[in-house]
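Topology and contacts: notes
So the chains spell out like this:
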Amino acid sequence: MSNNIHLGHRARKRFGQNFLHDHHVIDGIVAAIAPDNDHVMVEIGPGLGALTEPVADLVDHLNVVELDRDLAERLRHQPRWGQKLTIHEGDALKFDFNQLAEEGKRLKVFGNLPYNISTPLMFHLFETVDNVASMHFMLQKEVVQRLCAGPGHKNYGRLTVMAQYYCKCLPVLEVPPGCFTPPPKVDSAVVRLVPYQEKPYPVDNVKILERICASAFAMRRKTLRNNLKGQVSEAEFESLGIDPSLRPERITVAQFVALANLISRRQG
């Protein structure tokens, strides 16, 4: 990719922009995304096109969602691959991704996400899109560790449980700061999220699951019994075979779902 693409665009702090420039890493990410014409390809925050260009080279059409007007304008005028893009200008957090689905085609979504919106954006996608085949996101390495953690791990928390309720989460590759301009102050990593077509542990009411997770992890050092006081009784813990003296990070996704379903059924 030519270097002159950086000319005339300064990374904007308010958009959390850091631009990827390392070819080796870019190739690795594109290989993980596996762009094809059998899916609707969607990029969030294409920036200066580090991923947009190699993906556009492999497909007939690519949707991009970009908040920064200058960048959207620049992409529109790319001489070689700009005509393959449909540019949706606006905030990805408010964007209805369902409108991009086509008959018989699910979405492959990818992006180097601004770190300040990564978690709400993932939840927006989890909650709104039933027809996503895969998502590949560049995130802070610590966030990827949280998404992929297993029970008992120090990174296992509320985000882990909710993400793993919706998706299979797999780390793909690590990306050091030197691969970006300007270099971020943190290490980055790419995660693959594959939404379940049929959830292994379906919940009756996802809002109750969210609430239970928020309460359970409110104070990580306290036991489940303390954190869920007034929400779940000793007898109810026992009926589910869950030890209330455990800390929340020892409780599996299936057990959190069982707790949420017990509460929603009790509430009728």
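Residues numbered from 1 in each chain as written. Predicted model: local features only at pLDDT ≥ 70, side-chain atom pairs only at ≥ 80, totals over all residues. Heavy atoms only, no water.

Our next topic: the pattern of salt bridges. Between side chains of opposite charge, a pair can form as their charged atoms come close. Under the counting rule described, the total for this entry stands at 13 salt bridges. Here glutamate 142 and arginine 146 are joined by a salt bridge, their closest N and O atoms 4.0 Å apart. A residue pair is termed a helical-turn pair when its members lie 3 or 4 positions apart in one helix, as glutamate 142 and arginine 146 do in helix α5 (residues 141-148) at four residues. The salt bridge involving arginine 266 is made with glutamate 236; its shortest N-O contact spans 2.9 Å. Of this pair, arginine 266 sits in helix α10 (residues 253-267) while glutamate 236 sits in helix α9 (residues 234-240); the two residues are 30 residues apart in sequence, bridging distant segments of the chain. A relative accessible area of 17% places glutamate 236 in the buried class. Ionic contacts of the salt-bridge type, sharing partners, join the residues Glu53, Asp57 and Arg80 into one network. (Salt bridge = Lys/Arg side-chain N within 4 Å of Asp/Glu carboxyl O. Helix = DSSP H or I, 4+ residues; strand = E, 2+ residues; numbered from the N terminus. Buried < 20%, exposed > 50% of the residue type's maximum accessible area, 1.4 Å probe, protein only.)

With their axes 10 Å apart at the nearest point, helix α6 (residues 158-166) and α10 run at an angle of 90° to one another. By the angle between their directions, the pair α6 and α10 is classed as roughly perpendicular. Residue-level inspection shows Val161, Gln164 and Tyr165 of α6 in contact with α10, the latter providing Val253, Phe256 and Val257. For the contact of α6 with α10, a count of residues per class yields five nonpolar, one polar and no charged. (Axes fitted to C-alpha atoms, helices over the stretch in contact; angles between N-to-C directions. Parallel < 35°, antiparallel > 145°, perpendicular 65-115°, else oblique. Contact = heavy atoms within 4.5 Å. Nonpolar A, V, L, I, M, F, W, Y, C, P; charged D, E, K, R; others polar.)

Scored by pLDDT, the protein chain comes out at a mean of 91, with 94% of its residues at no less than 70. For residues 1-8, every residue scores under 50 in pLDDT, and the model assigns this stretch 13 contacts once sequence neighbours within four places are set aside. (pLDDT = per-residue confidence, 0-100.)

What follows deals with the UniProt feature "binding site: S-adenosyl-L-methionine" (unreviewed entry) in the protein chain. As recorded in UniProt, the feature "binding site: S-adenosyl-L-methionine" (unreviewed entry) lies at Asn18, Leu20, Gly45, Glu66, Asp91 and Asn112. Relative to the elements of secondary structure, asparagine 18 occurs in the segment before β1 (19-20). By relative accessible area, asparagine 18 is classed as partly exposed at 22%. The residues contacting asparagine 18, other than those within four sequence positions of it, are Asn112, Phe180, Thr181, Pro182, Pro183 and Pro184. In this structure, aspartate 91 sits in the loop between β4 (85-89) and β5 (107-112). A relative accessible area of 25% places aspartate 91 in the partly exposed class. Separated by 2.9 Å, the side chain of aspartate 91 and the backbone nitrogen of leucine 93 make a polar contact. (UniProt positions renumbered as here; feature names shortened; annotations may be inferred. Polar contact = N/O pair within 3.5 Å; in protein donor to acceptor, adjacent residues only side chain to side chain.)

What follows concerns α6. A turn of α-helix holds 3.6 residues, and therefore any two residues three or four places apart point the same way. Summarising burial for α6: eight of the nine residues are buried, a large majority. Among the residues of α6, Leu159, Thr160, Val161, Met162, Ala163, Gln164, Tyr165 and Tyr166 are the ones counted as buried. Of the surrounding elements, those touching the buried residues of α6 are α4 (118-128), α5, β7 (167-175), β9 (188-195), α7 (206-216) and α10.

With that settled, consider the state of the cysteines. Enumeration over the complete set of coordinates arrives at zero disulfides. The cysteine cysteine 167 is free of any disulfide, with cysteine 169 supplying the nearest cysteine sulfur at 5.5 Å. Here cysteine 167 falls in the buried class, since its relative accessible area comes to 1%. The structure places no disulfide on cysteine 213, whose sulfur is separated from the nearest cysteine sulfur, that of cysteine 169, by 13 Å. Relative accessible area serves as the criterion here: at 0%, cysteine 213 is assigned to the buried category. (Disulfide = S-S within 2.5 Å.)

Now for the packing of α7 against α10. Taken N-terminus to C-terminus, the directions of α7 and α10 make an angle of 120°; their axes are 9 Å apart at the nearest point. When the interaxial angle is binned, α7 and α10 end up oblique. Handedness of the α7/α10 crossing: right-handed. The segment α7 lies against α10, with Ile208, Leu209, Arg211, Ile212, Cys213 and Ala216 engaging Phe256, Val257, Ala260, Ile263, Ser264 and Gln267. Of the residues in the contact of α7 with α10, the class split is nine nonpolar, two polar and one charged. (Left-handed = near helix turned anticlockwise from the far one by under 90°.)

A few words now on the environment of glutamate 43. The topology assignment puts glutamate 43 in strand β2 (residues 40-44). Sequence-distant contacts of glutamate 43, defined by excluding residues within four places in its chain, comprise Leu51, Thr52, Leu62, Asn63, Val64, Val65 and Phe110.

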